[in-house]
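Below, each chain spelled out in residue letters.
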Amino acid sequence: RVTSIVMPKNRLQGTIPPEIELFPRLRVLNLSSNRLEGTLPKEFSKLMRLEELLFAMNDISGTIPEYFNTFKNLKKLSF
């Protein structure tokens, strides 16, 4: 049961895969300072337990999806 993925400055490249939905208990996702690009996949909406979402210093595009309004536990957000 993965609750945290903390991988800043790891030179990760590409897009965030839709398989992110396989981690519904995820509370912390820190992928800042990598080489990620593209938009957030719609499957992100299934990560209802997120408390921290950190994507700063990447090339994530698009707008913050509307479903983020339903993330009641989200305390820290960085793009």
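Rules used in this analysis
Along every chain, residues carry numbers that run from 1 in the direction the sequence is written. For a predicted model such as this one, the threshold for reporting local features is a pLDDT of at least 70, and the threshold for listing and counting side-chain atom pairs is 80 or more; totals across whole chains, interfaces and linings nevertheless cover every residue. Water and hydrogen atoms were dropped before computing side-chain values, which therefore reflect all heavy atoms in the structure. Helix numbers and strand numbers start at the N terminus; a helix is a DSSP run of H or I with at least 4 residues, a strand a run of E with at least 2. Contact definition: two residues touch when any of their heavy atoms are within 4.5 Å. Areas reported here follow the Shrake-Rupley algorithm with a probe of radius 1.4 Å; residue values treat only the protein chains shown as occluding. In this analysis a 1.4 Å probe is tested at points of a 1 Å grid over the protein atoms alone, and where it fits but cannot get out there is a cavity; an open set with protein on both sides within 12 Å along at least five of seven lines is a pocket; lining residues have an atom within 4 Å of a point. Grid points are joined across faces, edges and corners, and a volume is the space filled by probe spheres set on the points. Residues are sorted three ways: Asp, Glu, Lys and Arg are charged, Ala, Val, Leu, Ile, Met, Phe, Trp, Tyr, Cys and Pro are nonpolar, and all the rest, Gly among them, are polar. Any Lys or Arg side-chain nitrogen located within 4 Å of an Asp or Glu carboxyl oxygen qualifies as a salt bridge. With a 1.4 Å probe rolled over the protein chains alone, any residue whose accessible area is under 20% of its type maximum counts as buried; one over 50% counts as exposed, and the rest are partly exposed. Side-chain atoms within 4.5 Å link the members of a nonpolar core, which is a set of buried Ala, Val, Leu, Ile, Met, Phe, Trp, Tyr and Cys residues.

### A few points about the overall build of the protein
If you tally the helices and strands in the protein, you get zero helices and seven strands. Along the protein, helices and strands appear, N-terminal first, in the series β-β-β-β-β-β-β. For the protein, the spread of C-alpha atoms along the three principal axes comes to 30 × 25 × 20 Å. A fraction of 46% describes how many contacts in the protein between residues 6 or more apart in sequence connect residues 24 or more apart. When the accessible area of the protein is evaluated, it comes to approximately 5200 Å², of which 49% is carbon and sulfur surface.

### Focus on the layout of surface pockets
In this structure, the largest pocket encloses a volume near 160 Å³. Considering the residues around the largest pocket, the lining is formed by Ile5, Leu12, Thr15, Ile16, Pro17, Glu19, Ile20, Phe23, Leu29, Leu31 and Leu36. Of the residues in the lining of the largest pocket, the class split is nine nonpolar, one polar and one charged.

### Observations concerning the pattern of salt bridges
Pairing between side chains becomes possible if they bear opposite charge and their charged atoms approach one another. Taken as a whole, this structure holds two salt bridges when the rule is applied. Glu21 serves as the salt-bridge partner of Lys46, at 2.8 Å between the closest nitrogen and oxygen. Taken together, the residues span a long stretch of sequence, with Lys46 in the loop between β4 (35-38) and β5 (52-54) and Glu21 in the loop between β2 (13-14) and β3 (28-30) at a distance of 25 residues. Assessed through its relative accessible area of 28%, Glu21 is described here as partly exposed.

### Examining the nonpolar core
By size, the foremost hydrophobic cluster in this structure holds 17 residues, and its most contacted members are Ile16, Leu29, Leu40, Phe44, Leu50 and Phe55. Setting aside its immediate chain neighbours within four residues, Leu40 contacts Ile16, Phe55, Ile60, Pro65, Tyr67, Phe68 and Phe79.

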